[in-house]
Structure formats: C-alpha cells, structure tokens
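# Coordinates in review
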Amino acid sequence: MFKKLFDNIDTRILKALQRNGRLQNNELAKEIGLSNSACLRRVNHLEESGVIDGYTALLNPKKLNRNLLVYVQGTFFEEDPALKERFIFEVKLIPQITECHLMAGSYDFILKMLVSDLDEFHAIKTKYLTKEIGIKTLKSEVSLKTIKSTTELPL
C-alpha cells in the first residue's frame, strides 16, 4: 500500500514547483496560502528530505539542433559484471545519451538519445555502442512526433 510521505500543503507546493521551479518564495506562499516563513520551512524540509532533488532549466532540443529523438534497445553478450560496468561508464560519457536504463525483459538496456540527425546517430552507434563494451544486439527506434513529454511526476 502506498504510504503518504507528505500532506496536502506539501503536495500543492510540489505541484507548483514542478510547473514553475523559478517561483520566488513569496509567490509560492501566496499561491499555496501560507505565510512566507511557513512556506520556506516546508520547501527547506522537502529539499533536505530529498523529495525535491534539485532545480533545473528545461532546454528546447530543437533550438539546440537536437532534432532527432532515438530510442535504442540492446542486449549484452553475457552477464559479465566487468563488461556491464564498462558499458555503464562509457554510456555516461556520451552527452547525446540523455537516459539509460537497465531493464528486465526482452532487452538488457534502453537508451534515449537526442542527436542532430541520422548521421550523428550512426556515428555514435558505430564508434561507441559496440561489442567492445559488451553489446550483442541493438534495435533503434526513431520518434516521428512527441505527443507528451513532461518532467512532472504524479502526486
């Protein structure tokens, strides 16, 4: 059963900050209906407890010539812990890979990549995503259109 970690006021604070992480404390307090000091205490508690992990700016990929979103699913040759660690190390060095998840199921991992075009994707794939880091198979899927993309978590 899901255990509630915070109350309704905390939930409202988190929803507001997910929509706009640049809200000043006084704006947030007004929106939530708290005093400035009470609001600040709650936000500080949410930060210190790790519920709020950080703040960031969301960039528009197309404005930065990251026009192509590619998902890559792959399998490893074998369950060799050293090769898997090498894979993890190498993937972290490739800036075009914005997400990497080890998976349970048909594939061992899935990558989310933002690249300028197919040529850049192909260059990365052939240079870095190779058997030398334990990759046996790769399957690539190119996104034609993004219907929904959000950083907001359901609360």
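Computed from a prediction, not measured in an experiment: that's the story for all the values here.

In this section: the sheet that holds strand β2 (residues 97-102). With respect to topology, four strands assemble into an open sheet ordered β2-β3-β1-β4, the strand pairing being antiparallel. At either margin of the open sheet sits one strand with a lone partner, and together these are β2 and β4 (135-142). Along the sheet, successive strands turn relative to each other by an average axial angle of 20°, direction set aside. Where β2 lies against strand β3 (residues 109-115), five bridges are found, and the strand directions are antiparallel. By the bridge assignment for β3, L102 is matched with F109.

Let us now look at the pattern of salt bridges. Opposite charge on two side chains lets them pair, provided their charged atoms get close. A full pass over the atoms with the stated rule returns seven salt bridges. Between E120 and R66 there is a salt bridge whose closest N-O contact spans 2.7 Å. Highlighted residues: E120 in helix α5 (residues 118-128) and R66 in the loop between α3 (36-48) and β1 (68-76), separated in sequence by 54 residues. We classify E120 as buried; its relative accessible area is 17%.

So, about the packing of helix α2 (residues 25-32) against α3. Interaxial distance between α2 and α3 falls to 9 Å at its minimum, and their mutual angle equals 100°. Here α2 lies roughly perpendicular to α3, going by the angle between them. Here N25, N26, L28 and A29 of α2 come into contact with α3, specifically with N36, C39, L40 and V43.

Turning to its location among the elements, L69 is positioned in strand β1. A sequence separation of 48 residues divides L69 from D117, and the C-alpha atoms of the two residues are 8.9 Å apart. Those residues within four positions of L69 in sequence are excluded, and the remaining contacts are K112, M113, L114, E141, V142, S143 and T146.

Core analysis: the biggest nonpolar cluster contains 17 residues, and V70, F87, I97, L111, M113, V115 and L129 have the highest contact counts within it. Those elements giving two or more residues to this core turn out to be β1, α4 (81-92), β3 and α5. Other than its neighbours up to four places away in sequence, M113 contacts L68, L69, V70, V72, Q96, I97, F121, I124 and L129. In this structure, I13, L28, I32 and I52 belong to the second largest nonpolar core, which totals 13 residues.

What follows covers the layout of surface pockets. The space that makes up the largest pocket amounts to roughly 1,500 Å³. Forming the boundary of the largest pocket are 39 residues, of which T56, L58, T150, T151 and E152 lie nearest the centre. Elements supplying a minimum of two residues to the lining of the largest pocket: α1 (8-19), β1, β2 and β3. Its residues assigned to classes, the lining of the largest pocket shows 16 nonpolar, 13 polar and ten charged. Split by domain, the lining of the largest pocket shows at least three residues from each of two domains, domain 1 (8-49) and domain 2 (61-142).

At their nearest, the axes of α1 and α2 sit 10 Å apart, and the two run at 130° to each other. Overall, the two elements α1 and α2 adopt an arrangement that is oblique. Here α1 and α2 pass one another in a crossing that is right-handed. In this structure, α1 contributes I9, R12, I13, A16, L17 and R19 to the contact, and α2 contributes L28, E31 and I32. Here the residues of the contact of α1 with α2 sort into six nonpolar, no polar and three charged.

Rules behind the numbers
- Residues numbered from 1 in each chain as written.
- Predicted model: local features only at pLDDT ≥ 70, side-chain atom pairs only at ≥ 80, totals over all residues.
- Heavy atoms only, no water.
- Pairing = 2+ DSSP bridges.
- Helix = DSSP H or I, 4+ residues; strand = E, 2+ residues; numbered from the N terminus.
- Axes fitted to C-alpha atoms, helices over the stretch in contact; angles between N-to-C directions.
- Salt bridge = Lys/Arg side-chain N within 4 Å of Asp/Glu carboxyl O.
- Buried < 20%, exposed > 50% of the residue type's maximum accessible area, 1.4 Å probe, protein only.
- Parallel < 35°, antiparallel > 145°, perpendicular 65-115°, else oblique.
- Contact = heavy atoms within 4.5 Å.
- Core = buried A, V, L, I, M, F, W, Y, C linked by side-chain atoms within 4.5 Å.
- 1 Å grid on protein atoms, 1.4 Å probe; cavity = no way out; pocket = protein on both sides within 12 Å on 5 of 7 lines; lining within 4 Å.
- Points joined across faces, edges and corners; volume = space filled by probe spheres on them.
- Nonpolar A, V, L, I, M, F, W, Y, C, P; charged D, E, K, R; others polar.
- Domains from an automatic or database assignment.
- Left-handed = near helix turned anticlockwise from the far one by under 90°.

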